[in-house]
Amino acid sequence: MISNRSREILIQASRFVFALAITLVLTQFSFDYIESFLYDARVRARPAPKPTGLVETIIVDPPTIQALGRVPNAADFKNLIERLDRAGARHIVSLLSPVDSVGSLDETRALAQTAESVKSFVVALDDVPLSGEKDALKLAPPFDRVRTASAPVPVDRNIFARDDVTRRMMLAYQGFPTLHAMVGADFNEGAAAEFKKNGDRYTPNAYRGVFEYLKSDQAYVQFSPSGTYQPVSYVNVLRDDAGLSKFKGKIVIIGRDIETTSKDYVRTPYSRDIVAMTIVELSANMFDTLIRNDSPKRAPRWMDLFITVLISYLTVLVVLTLKPTTGLLVLGATIGGYFSISILALWLGGWWIDVAHPFLAIFICYYFFIPYRLIIENRRSWEYYQKNKLLTQVEELKTNFLSMMSHDLKTPIARIQGMAEVVRSDANPLSSVQSEAINTLRRSSDELLEFITSVLNLGRIESKAIQLHLQSKDVNSLVQEVVDKLDYLARSKQIEIRTELEPLFSIKFDVDLIRQVLSNLVENAIKYSPDKSSILVSSEERDGLIVVQVADQGPGIPEDELPHIFMKFYRSRNAEGSTIKGSGLGLYLAKYFVELHKGRIQVDSTLNQGSTFTVELPAS
Ligand code: ADP
């Protein structure tokens, strides 16, 4: 035999092992889609980060096309670069390739020369060179000496969440740094120091949250919603001299927003379904993330495992021990609470903590254990049902037995009573001892008969065989009849029974049953009252009810026994110990009979002062 304590420990341990197993199985799958979906929700829920103000954007937009009457050509482009250079822009990053600019041979050459000679100008290309691949980023002549850099736009298309949303940026591929990784360090002292330590070369240690993925260094972008970076129209840069000062010392990104191709746009956590952010603004977000150095960092795997085990275990406990609604509330609060924590972690600490595994663990543990709990409860209620059935059968047998026996006892008692009557009415007078003996014989057989009638009534109640035989009668006459009949009993204890009966209308009721009720109340009053006391029986009509009260000056009923006296076979502690005879059935039957009439029976009692029983019957 194992003790209860070790049994309990064993149960808890097996629950924990189950939680652990669920966690281990679950964490074999990454559920990137769900995780990223919930990550995007967190990005939207947290307050957006503030731009550094070090990045400006210039776009070719519809007003530019309208003002120029065409798409900007090679001469415009040259003009733009020169103006930005003169304005003191620190990095002029062009997402537009000069190769695509339309112009005469001279204009094209002039553009190539300007682009080459302005040292801050760089063309950002979507390509990444493979290691060892030369000239991959070289533009076609005459632009072959213009500086270019790799600036790919990673999209979760075939990897991670596969939902076409851009969340990451690439910092290096096969050790070859991208434009953003290089330029970012120019405005980020910490990153610059790391570069310096590494012999003035890029290193992944320079930025927060860099992770390796398939030979590339990547980091998550700390996004602001589209529209945070207000762009300047291309044409304004060409025409507005006063506006140029804002570009001084900054990163200036040149791109396009004319909705001619979806390549110029991306989906972000802020706009998952529509391509709503220009890659110009995406690029600004990337630069700012690197300058602020606040790229969201993914929490380590052990933490994910730890939290998932913890939450699985909690779910198992909740499902198996709490009430269903409380359980659901606790689990709902856990989901809400944990998600709120994950939003705070992202907002205040820049941490991406996994929520997909813990959430799925809750659902799996819940659905796994609910049927288990149902089976247990079903079995329990089946056991109760069986036990109940058995008890009902025993109860029925008992009642049948009592009824049968009582019925068979009635005849011999009637015979005893008959014989006693014969002896009493004999012509030869009896001696006083003999007549006392005959009286005792009669009283005892009366008591016995009463007891048997009670038991028989009980049997009838339990087999639901009682039917009301309603007759119209004045309750007062019945009260008087009962009082008269019990007068001899009262007199034997020198008890006075007083009556105060208000005139009443006749009502319909079962005379036999109510007679038994009233007899029982008056008899109890006599039985339990001391000698020489008095009993008041009163009747009145009150609020459409016929009210009969029997008040005595007896011992009263202790408060703790009051709720029980109308129960089957209940006798008070005092009555049990005394010589007062009784079956404990009288008040039970009385209550049953009164309630059959849709009436009520109540008691008011003060210890050592007396009890008042009140019967209320509906007047109609
Ligand atoms: P019993 O056959 O014992 O009288 P009843 O069902 O009539 O059974 O009454 C149940 C219990 O209620 C009695 O045992 C008694 O303790 C208490 N009781 C009933 N009537 C009175 C009363 N008038 N005064 C004090 N106690 C009473």
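So, a few notes on the structure that sits alongside this text.

Conventions adopted
Residues numbered from 1 in each chain as written. Predicted model: local features only at pLDDT ≥ 70, side-chain atom pairs only at ≥ 80, totals over all residues. Heavy atoms only, no water. Helix = DSSP H or I, 4+ residues; strand = E, 2+ residues; numbered from the N terminus. Rg over C-alpha atoms; globule rule 2.2 N^0.38 Å. Buried < 20%, exposed > 50% of the residue type's maximum accessible area, 1.4 Å probe, protein only. Contact = heavy atoms within 4.5 Å. Lys, Arg positive; Asp, Glu negative; His and termini not counted. Charge placed at Lys NZ, Arg CZ, Asp CG, Glu CD. Pairing = 2+ DSSP bridges. Axes fitted to C-alpha atoms, helices over the stretch in contact; angles between N-to-C directions. Left-handed = near helix turned anticlockwise from the far one by under 90°.

### Describing the overall build of the protein
Part 1 of the reasoning: Across its full length, the protein carries 17 helices and 21 strands.
Part 2 of the reasoning: Expected size for 620 residues packed as a compact globule is a radius of gyration near 25 Å; at 50 Å, the protein overshoots this value by more than 25%.
Part 3 of the reasoning: Taking the principal axes of its C-alpha atoms as reference, the protein extends roughly 165 × 65 × 40 Å.
Part 4 of the reasoning: The buried share of the protein, taken over its 620 residues, is 44%.
Part 5 of the reasoning: Of the contacts formed within the protein by residues at least 6 apart in sequence, a portion of 76% connects residues at least 24 apart.
Part 6 of the reasoning: If you average the places of the 70 positive and of the 72 negative side-chain charges in the protein, the two averages end up 5 Å apart.

### Thoughts on the sheet that holds strand S10 (residues 251-256)
Part 1 of the reasoning: Strand order in the open sheet formed by six strands is S4-S3-S2-S10-S1-S9, with parallel pairing between adjacent strands. Where the open sheet ends on each side, the last strands, each with one partner, are strand S4 (148-150) and strand S9 (232-233).
Part 2 of the reasoning: Here six bridges tie strand S1 (residues 55-60) to S10, and the two strands are oriented parallel to one another. The residue of S10 that forms the bridge with Ile58 is Ile254.

### A word on helix H17 (residues 586-596)
The periodicity of an α-helix, 3.6 residues per turn, causes residues three or four positions apart to be oriented the same way.
Part 1 of the reasoning: Within H17, burial applies to Gly586, Leu587, Tyr588, Leu589, Ala590, Phe593 and Val594.
Part 2 of the reasoning: Residues of H17 that are buried sit in contact with helix H13 (432-462), helix H15 (511-528), strand S20 (600-606) and strand S21 (610-618).
Part 3 of the reasoning: Lys598, located one to two residues past H17, shows a positive phi value of around 60°.

### Some remarks on the packing of helix H2 (residues 32-45) against helix H11 (residues 324-349)
Part 1 of the reasoning: The contact between H2 and H11 brings their axes to 9 Å, and the two run at 65°. As for how H2 packs across H11, the hand of that crossing is right-handed. In contact with Leu38, Tyr39, Ala41, Arg42, Val43 and Ala45 of H2, H11 contributes Phe339, Ser342, Ile343 and Leu346.

Geometry only, nothing functional implied.
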